[in-house]
Amino acid sequence: MTIAILSALPEEQGDLVQALEAPERVEHASRTFWRGRLSGHDVVLALCGIGKVAAATTATSLAERFGARRMVFTGVAGGVGEGVQVGDVVVAAEYVQHDMDASPIFPRWEVPGYGGPRMDCDAHLTAILMRAASAYLERVGGQFDQYLPAPHAPRLHQGLIASGDQFVSTAGASQRLRGDLLAAGHNVLAVEMEGAAVLQVCRDYGLPFAAVRTISDRADDSAHVDFPRFVEQVARRYADGVVRELLALL
Ligand code: SAH
């Protein structure tokens, strides 16, 4: 049963490609995919690039061409929820597309045809991903303190993540996004640009989906400063560690 591991950026893929047994590189739909074995599982690693459409075409390829039967996204995100700090990890329970607005025909944020603004990740796969992330963070402890704006033992959160085609990098944009959604009862912990699109494709194909995001910035005015350094120094190793823990548990 092939497991697809998707990321937007090469750093988010960690060193998983190098760790593959019997690696096979496949160019398809303007993307590079790597097939192989990892921790006893058939896997396909994919880089989707940034944004919802790029993520959706990649997920579709994984389902149609690569026979993926489960998908896991590993990447970084901006923390918008209270107490969701740089260096923490958020596992998605649900997703919302914060830039979807077909009102007044449909309620704001509702994806037409999908019955509501929020979509659930797969409960079983998500529970295993939580265990994997928790085990990894326990092992890591304060190892990355030097890269964190506020050194602290990294925390694990589970909840709602918002995706949209926007890098949220001002305090105003971040507060608006969180505030508007919160007023409608949607408590967003983190914001990124791909997860909800992959989830929607997985729902169309009836495939389990789970996502883990390392918080790389607070989606505020310092977002552009924190981002590159953090992704290079920390996110890469988190991705590696959490995915390996996950594969060992599956
Ligand atoms: N500086 C990067 C661009 C990163 S875009 C470059 O030059 O390539 C941000 C990526 O990280 C997206 O894939 C998105 O999913 C995630 N992300 C991290 N922080 C984010 C934020 N504050 N807002 C939106 N997406 C964010």
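Predicted model, so just to flag it, every value in this text is computed and none were measured.

1. With respect to the overall build of the chain
From N to C terminus, the chain includes six helices and 10 strands. Taking 2.2 N^0.38 as the reference for a compact globule, 250 residues should give roughly 18 Å; the C-alpha atoms of the chain span a radius of gyration of 17 Å, in line with that estimate. Principal-axis analysis of the C-alpha atoms places the extent of the chain at approximately 50 × 45 × 30 Å. For the chain, buried positions account for 55% of its 250 residues. Sequence separation of at least 24 residues holds for 78% of the intrachain contacts in the chain that already meet a minimum separation of 6.

2. Details of the site of the ligand
Around the ligand, the surrounding shell holds 17 residues, and the nearest of these are Val-168, Met-193, Glu-194, Arg-213 and Asp-217. Backbone polar atom of Met-193 to an oxygen atom of the ligand: 3.0 Å apart, as the coordinates give it. Arg-213 is positioned with one of its side-chain polar atoms (N or O) 3.2 Å from an oxygen atom of the ligand. For the ligand, whose accessible area on its own is 570 Å², the fraction buried by protein is 78%. Listing elements by their share of the shell around the ligand, those giving two or more residues are strand 5 (68–79), strand 9 (188–192) and strand 10 (209–217). Residues that form the shell around the ligand fall into these classes: 10 nonpolar, three polar and four charged.

3. A few points about helix 2 (residues 52–64)
Helix length check: helix 2 (13 residues) gives 18 Å between terminal C-alpha atoms against 18 Å at 1.5 Å per residue, within 8%. Among all positions in helix 2, only Lys-52, Ala-54, Ala-55, Thr-58, Ala-59, Ser-61, Leu-62 and Ala-63 are buried.

4. Quick look at the environment of Pro-23
Tracing the backbone through its elements, the reader meets Pro-23 in strand 2 (residues 21–28). Discounting chain neighbours no more than four positions away, the residues touching Pro-23 are Trp-34 and Arg-35.

5. A closer look at the layout of surface pockets
A probe as big as a water molecule, rolled over the atoms, marks out the empty space that is left. Quantified by volume, the largest pocket comes out at close to 220 Å³. Lining the largest pocket are 19 residues, with Val-76, Phe-167, Glu-192, Met-193 and Phe-227 sitting closest to its centre. Classifying every residue of the lining of the largest pocket by side-chain character gives 11 nonpolar, three polar and five charged. Roughly 150 Å³ of volume is contained in the second largest pocket. For the lining of the second largest pocket, a count of residues per class yields five nonpolar, two polar and three charged.

6. Topic: the nonpolar core
With 39 residues, the main nonpolar core has Leu-62, Met-71, Phe-73, Tyr-95, Val-198 and Phe-209 as its most contacted residues. Breaking this core down by element, the ones donating at least two residues are strand 1 (2–7), strand 4 (41–47), helix 2, strand 5, strand 6 (89–97), strand 9, helix 5 (195–205) and strand 10. Considering each element in turn, this core owes the most residues, six residues, to helix 5.

7. Some words on the side chain of Arg-31
Looking at where Arg-31 falls in the secondary structure, it is placed in strand 3 (residues 31–38). Buried charge Arg-31 goes without a salt bridge, the closest partner of opposite sign being Glu-27 at 9.1 Å. A distance of 3.4 Å separates a polar atom in the side chain of Arg-31 from the backbone oxygen of Ala-54. A polar contact of 3.2 Å, which involves the side chain of Arg-31, links it to the side chain of Thr-57. With near-sequence residues (within four places) excluded, Arg-31 lies in contact with Val-26, Leu-47, Cys-48, Ala-54, Thr-57 and Thr-58.

What counts and how
Residues numbered from 1 in each chain as written. Predicted model: local features only at pLDDT ≥ 70, side-chain atom pairs only at ≥ 80, totals over all residues. Heavy atoms only, no water. Helix = DSSP H or I, 4+ residues; strand = E, 2+ residues; numbered from the N terminus. Rg over C-alpha atoms; globule rule 2.2 N^0.38 Å. Buried < 20%, exposed > 50% of the residue type's maximum accessible area, 1.4 Å probe, protein only. Contact = heavy atoms within 4.5 Å. Near = heavy atom within 4 Å. Polar contact = N/O pair within 3.5 Å; in protein donor to acceptor, adjacent residues only side chain to side chain. Areas by Shrake-Rupley, 256 points an atom, 1.4 Å probe, with all protein chains shown as cover. Nonpolar A, V, L, I, M, F, W, Y, C, P; charged D, E, K, R; others polar. Expected span 1.5 Å × (residues − 1). 1 Å grid on protein atoms, 1.4 Å probe; cavity = no way out; pocket = protein on both sides within 12 Å on 5 of 7 lines; lining within 4 Å. Points joined across faces, edges and corners; volume = space filled by probe spheres on them. Core = buried A, V, L, I, M, F, W, Y, C linked by side-chain atoms within 4.5 Å. Lys, Arg positive; Asp, Glu negative; His and termini not counted. Salt bridge = Lys/Arg side-chain N within 4 Å of Asp/Glu carboxyl O.

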